[in-house]
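Residues per chain are reported as follows:
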Amino acid sequence: MAGLMWLRCILGPNLQRIHRSPDQTRTDGRSARRGWNYQPRGLERHTDSILGWASVLWSLSYYTSPLLLCYLYRKGYICSSKLVPLSQYVGTALVCLLGVACLRGWGRWRNPEYLQFISILEETRNNHTTNNKKKLACFDFDFKHWPADFSWKDVSSPKSSKGGVSLLRPEPKHRGAADTVLSSVRTLPCHILSYAIAHSFGRRMLYPGSVGLLQKAMRPMLQQGQARLVEEYEGQRNKLVACDGNEIDTMFVDRRRDGGTAGKTLVICCEGNAGFYEVGCMNTPLEGGYSVLGWNHPGFGGSTGVPFPQNEANAMDVVIQFAVHKLGFQLRDIIVYAWSIGGFTASWAVMSYPEIRALVLDASFDDLLPLALKVMPDSWRPLVTHTVRQYMNLNNAEQLCKYQGPVLLIRRTRDEIITTTGPEDIMSNRGNDLLLRLLQYRYPKVMTDDAVTAVRRWLAAGTQIEEESVYTGYEVDDDWCLSVLQSYQTDRETLFPWSVGEDMTLEGRRQLGLFLARKYMRNFETTHCTPLPISEFRPPWKL
């Protein structure tokens, strides 16, 4: 029995923090859930440090392996006479690390806190009951060892299959059979190069949060954020299994029992390309009293996999299924809130689940391609275009136009990330293009050339004073615009696109275009990464 427990301690996960049970109270009677960081004893602490440095060196060697292999080849080390001694050194190092791991297991076995944790973990694996899950939730540890709480297989969803959920694909070019074969042969090197780029540095440039070294550097901050969500907000951590097998790390804060109207609404948060729910945009709706469900991209934090569009959509699908079937929310009670690149999964969600109440996109863009072309050499344009369209096609605007519900776009007026020239050129902000694409789809008869010109003038305003000056310069009558839209909605089918504005004067179209632009978009005078205050977060306008 003791030998089995020692083996579990050797193979067990790292324990970072112990949360006080929510049933415990302070001496003054007030509810509390303050925890403490797990304190390993001397032997465990030193051996854990050695294994940690070994992990860092392995990560560095992995990311620098192409350069390292080239260097070894040029020095003549890639040959049997050199590789045999090298393999002996590596084998010796592995044996030493195995001994260090055994010593760490011994140190854990002598620590009563770790023994209590490993016993609860094993009991939960064997019998995943609510009571055992509640006990396990008092510990923060390596998430890969956390038992699964929900799987896509638990419900029968027509959108999910082992092949993944459906995505909008670029339309193929129509050619003859002979041309297709010849073109495939001619473009084969481009396909190979695109695949190599997308699966090497391309994906890591697009989603730097998936890089292991960055996550190691951010680990103290993430652990602190995790503790705050669990101990201050009584957050519930869950592991979801998507249809591609990826495990998705989620955090749910339930405000329904607080009695407020906001708590009955669930806000699902989609983070940016280096964002984690522990320190990300979850905090904004939490301050507003909403129930909140945050999740990490595949490859981020405790989530497994890599964040390609298909994996992202698969993850978003299981998150929504979990919210509906396990947490008990109706789709009409869900608002999807996304920051930056999270707009892709958010727009996919509302496209695939049109019953969702509303969508809020903060500092998001219409399409990845213009932003990718901005950071790559002009000579690479054909290769970048092919790579993005085939492997990283984040077509937010196309997906957004499939949604019929309320939408709010938040534009950062000094955004330095989603502009194609620089933060000083507000007209290069791709949020402008997202707004125009949406308005032109929903109100095509209103958004004629004159109305688009007027909206562009309004978008060029960098401050609230300039924005108001443009608005009043066109003498927009809000009451008249509202009455026109309400009259159209009452008399006709309300599905977009609408034909309102068909018999309207140029002045009327300009006024209506500006009125709609101000309803669909709000400016926030700051940079890309500034946290959004709760004063700027609100449900979208609904007619």
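Residues numbered from 1 in each chain as written. Predicted model: local features only at pLDDT ≥ 70, side-chain atom pairs only at ≥ 80, totals over all residues. Heavy atoms only, no water.

## Quick notes on the domain arrangement of the chain
No. 1: Under the domain assignment used here, the chain contains domain 1 (1–20 + 37–145), domain 2 (148–166 + 181–342 + 349–394) and domain 3 (406–542).
No. 2: The centre of domain 1, based on its C-alpha atoms, is set 28 Å off from the matching centre of domain 2.
No. 3: Facing 16 residues of domain 1, the contacting portion of domain 2 comprises 18 residues.
No. 4: Around 1,400 Å² of area is buried between domain 1 and domain 2 when both sides are counted, 55% of it from carbon and sulfur atoms.
No. 5: Summed over the three residues of domain 1 that lose the most area to domain 2, namely His 19, Tyr 63 and Phe 143, the buried surface amounts to 44% of that side.
No. 6: Across the domain 1-domain 2 interface, the total number found is three salt bridges.
No. 7: Between Asp 140 and Arg 237 there is a salt bridge, and its shortest N-O distance comes to 3.4 Å.
No. 8: Connecting domain 1 to domain 2 are eleven residue pairs in polar contact (both at pLDDT 80 or more). (Domains from an automatic or database assignment. Contact = heavy atoms within 4.5 Å. Buried area = accessible area lost by both parts, 1.4 Å probe. Salt bridge = Lys/Arg side-chain N within 4 Å of Asp/Glu carboxyl O. Polar contact = N/O pair within 3.5 Å; in protein donor to acceptor, adjacent residues only side chain to side chain.)

## Some words on the sheet that holds strand β2 (residues 36–37)
Within a sheet, each strand pairs with its neighbour through backbone hydrogen bonds, oriented either parallel or antiparallel.
No. 1: In space, the three strands of this open sheet follow the order β2-β1-β3, with antiparallel pairing throughout. Since the sheet does not close on itself, it has two edges, and those belong to β2 and β3 (139–141), each with one partner.
No. 2: Bridge analysis of strand β1 (residues 15–18) against β3 gives three bridges, and the strand direction is antiparallel. Across the sheet, residue Ile 18 finds its bridge partner in β3, namely Phe 139.
No. 3: Helix-sheet contacts for helix α5 (residues 112–126) involve β1, β2 and β3, and the interaxial angle to β3 is about 85°. (Pairing = 2+ DSSP bridges. Helix = DSSP H or I, 4+ residues; strand = E, 2+ residues; numbered from the N terminus. Axes fitted to C-alpha atoms, helices over the stretch in contact; angles between N-to-C directions.)

## Let's talk about the pairing of strand β9 (residues 334–339)
No. 1: Along β9, six of the six residues are buried, which leaves the element largely enclosed by surrounding structure.
No. 2: Of the two faces of β9, the one carrying Ile 334, Val 336 and Ala 338 and the one carrying Ile 335, Tyr 337 and Trp 339 are both buried.
No. 3: When strand β7 (residues 266–270) meets β9, the two strands line up parallel, connected through five bridges. In the sheet register, Ile 268 faces β9, and the bridge partner there is Val 336.
No. 4: As judged from the five bridges shared by β9 and strand β10 (residues 358–362), these two strands associate in the parallel manner. Of the residues in β10, the one forming a bridge with Ala 338 is Leu 361.
No. 5: In terms of handedness, the path from β9 via helix α11 (residues 343–352) over to β10 forms a crossover that is right-handed. (Buried < 20%, exposed > 50% of the residue type's maximum accessible area, 1.4 Å probe, protein only. Right-handed = clockwise from strand over helix to strand, strands pointing away.)

## Details of the environment of Pro 285
No. 1: Mapped onto the secondary structure, Pro 285 falls in helix α9 (residues 283–287).
No. 2: Pro 285 sits 247 residues away from Leu 532 along the chain, and the two C-alpha atoms are 9.5 Å apart.
No. 3: Setting aside chain neighbours within four positions, we find Pro 285 in contact with Val 267, Cys 269, Tyr 290, Val 292, Tyr 337 and Phe 537.

## Topic: helix α1 (residues 2–11)
No. 1: Those residues of α1 lying buried are Met 5, Cys 9 and Ile 10. Projected onto a plane normal to the axis of α1, the buried residues spread over an arc of 145° and lie on a single side.
No. 2: The inward-facing, buried residues of α1 contact α4 (80–109) and α5. (Arc of directions from axis to C-beta.)

## As for the UniProt feature "domain: AB hydrolase-1" (unreviewed entry) in the chain
No. 1: Those places that UniProt annotates as "domain: AB hydrolase-1" (unreviewed entry) correspond, in this numbering, to residues 266–381.
No. 2: Helix makes up 35% of residues 266–381 and strand 18%, and the two end C-alpha atoms of the span are 42 Å apart. (UniProt positions renumbered as here; feature names shortened; annotations may be inferred.)

## Looking at a nonpolar patch on the surface
No. 1: On the surface, a cluster of nonpolar side chains totalling about 850 Å² of accessible area is made up of Leu 69, Tyr 73, Ile 78, Leu 83, Leu 86, Tyr 89, Val 90 and Leu 94.
No. 2: Going through the elements one at a time, α3 (65–74) and α4 are the ones with two or more residues in the nonpolar patch.
No. 3: Relative to the elements of secondary structure, Leu 94 occurs in helix α4.
No. 4: Leu 94 gets classed as exposed once you look at its relative accessible area, which sits at 55%. (Patch = residues over 30% accessible without salt bridge, like charges linked within 9 Å, V, L, I, M, F, W, Y side chains within 5 Å. Areas by Shrake-Rupley, 256 points an atom, 1.4 Å probe, with all protein chains shown as cover.)

## Structural notes on the pattern of salt bridges
No. 1: Counted according to the given criterion, the structure contains 18 salt bridges.
No. 2: Residue Asp 333 pairs with Arg 357 through a salt bridge whose shortest N-O separation is 3.7 Å. Here Asp 333, found in the loop between α10 (309–325) and β9, pairs with Arg 357, found in the loop between α11 and β10; they are 24 residues apart in sequence, far enough to count as distant.
No. 3: A relative accessible area of 22% places Asp 333 in the partly exposed class.
No. 4: Classification of Arg 357 as partly exposed rests on a relative accessible area of 34%.
No. 5: It is possible to trace a salt-bridge network through shared partners that takes in Asp 140, Arg 237 and Asp 249.

## As for the packing of aromatic side chains
No. 1: Taken as a whole and assessed by the stated rule, the structure comprises 22 aromatic pairs.
No. 2: Relative to Trp 498, the ring of Tyr 488 has its centre 5.0 Å away and its plane inclined at 35°; by these criteria the two rings are tilted. Remark: Trp 498 occurs in the loop between α18 (478–491) and α19 (506–520) and Tyr 488 occurs in helix α18; sequence separation between them is ten residues. Summarising the burial analysis for this pair, Tyr 488 and Trp 498 share the class buried.
No. 3: Through pairs of rings, three or more aromatic residues link up here, namely Tyr 38, Tyr 114, Phe 117, Phe 139, Phe 141, Phe 143 and Trp 146.
No. 4: Of note, Lys 239 hangs over the ring of Phe 143, and the distance from its end group to the ring centre comes to 5.3 Å.
No. 5: Positioned over the ring face of Tyr 471 is Arg 518, at 3.6 Å from the centre of the ring. (Phe/Tyr/Trp six-rings, centres within 6.5 Å; stacked < 30°, edge-to-face > 60°. Lys NZ or Arg CZ within 6 Å of the ring centre and 35° of its normal.)

## Some words on the side chain of Asp 149
No. 1: Locating Asp 149 in the fold gives a position in the loop between β3 and β4 (150–151).
No. 2: By relative accessible area, which is 10% here, Asp 149 ends up buried.
No. 3: Side-chain polar atoms of Asp 149 contact the backbone nitrogen of Lys 239, separated by 2.8 Å.

## Considering unusual backbone geometry
No. 1: Looking along the chain, the bond that leaves Phe 496 and enters Pro 497 is cis, with omega of 5°.
No. 2: Here Pro 497 lies in the loop between α18 and α19.
No. 3: A positive phi angle is found at Ser 340, which is not glycine, with a value near 60°.
No. 4: When you line up the elements, Ser 340 lands in the loop between β9 and α11.
No. 5: Under the relative-accessibility criterion, Ser 340 is labelled buried at 5%.

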